[in-house]
Amino acid sequence: MHERLILIPEEVDDLAARFGTPQREHVRLDVGEDFFMPWEGKFYSRRGEVMFLLPRPGGLLVHRKAHYPPNVWRLLTGGIELGERVEEALLREPEEEIGFTPPVRRFVGVLTYDIGIGERRVDFATYIFLMGYSDHPIRQGEGEEIAEAREVPLSALPTIAHNLRSLPGRWRDWGRFRAVAHDLVAKWVREDEVRAE
């Protein structure tokens, strides 16, 4: 049984030494049962997730899955399993999601969360990395994989975050959770970093 450590200081220090010192942000999200109950097991079975920013000819790659509400797009993420290192997930997840793994350019940031209902809380982390520019074809799948992908300028991320944050009903807390990282990427990444190298 692996201990659930969302942040391992030595691991973060090693990544920072190789890919740059990350920005840091911590948020508390109070959510409802509709979000917390289905996600509670996922939060406890993962250390966190990697967000991999993919610069493309038209900007950053965003995607949607078949079950998402209409007009909902977001940046790519993939889970870090218990016992898995962040870099292992960063190598594995792009291959699974898009069919290839570009090189890492920069360790952008670490976003940590305190999520829950009242006293029922869980910690989670999103490790954000800027990957190398690529025009390699994107593999798209079905279900839990990418159903559609498109490229957007960095300046579109606040609108994407707003759209996520504005979702109604059972999608409301999921959208609030997902919006935070998009706001931070818009703040932490420069326009020149998402152009062709």
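Only a predicted model underlies this, so the values are computations on that prediction, with no experimental measurement involved. (Residues numbered from 1 in each chain as written. Predicted model: local features only at pLDDT ≥ 70, side-chain atom pairs only at ≥ 80, totals over all residues. Heavy atoms only, no water.)

(A) Spotlight on the side chain of Glu11. With respect to the secondary-structure elements, Glu11 resides in helix 1 (residues 9–19). Judged by its relative accessible area of 2%, Glu11 is buried. Ignoring anything within four residues of it in the chain, the contact list for Glu11 reads Arg47, Arg85, Val86 and Glu87. (Helix = DSSP H or I, 4+ residues; strand = E, 2+ residues; numbered from the N terminus. Buried < 20%, exposed > 50% of the residue type's maximum accessible area, 1.4 Å probe, protein only. Contact = heavy atoms within 4.5 Å.)

(B) Quick peek at the nonpolar core. Counting 42 residues, the largest nonpolar core has Leu53, Tyr113, Ile115, Trp174, Phe177 and Val185 as the members making the most contacts within it. Not counting residues within four places of it along the chain, the set of residues in contact with Tyr113 comprises His26, Val27, Leu29, Val122, Asp123, Phe124, Ala125, Thr126, Phe177 and Ala181. Membership of the second largest hydrophobic core comes to 23 residues, among which are Leu54, Ile98, Phe129 and Met131. (Core = buried A, V, L, I, M, F, W, Y, C linked by side-chain atoms within 4.5 Å.)

(C) Molecular detail of the sheet that holds strand 5 (residues 77–81). Reading across from one edge, 1-6-7-2-5 is the order of the five strands in this open sheet, with mixed pairing throughout. The open sheet has two free edges, formed respectively by strand 1 (23–30) and strand 5, since each of these has just one partner strand. Strand after strand, the sheet turns through a mean of 25° between neighbouring axes, direction not considered. Where strand 1 meets strand 6 (residues 104–117), eight bridges bridge the pair, whose relative direction is parallel. Paired with Leu29 across the strands is Ile115, a residue of strand 6. Contacting strand 1, strand 2 (46–53), strand 6 and strand 7 (120–131), helix 1 runs over the sheet at an angle of about 150° to strand 6. Those strands touched by helix 2 (residues 33–45) are strand 2, strand 5, strand 6 and strand 7, and its axis lies near 70° from that of strand 7. (Pairing = 2+ DSSP bridges. Axes fitted to C-alpha atoms, helices over the stretch in contact; angles between N-to-C directions.)

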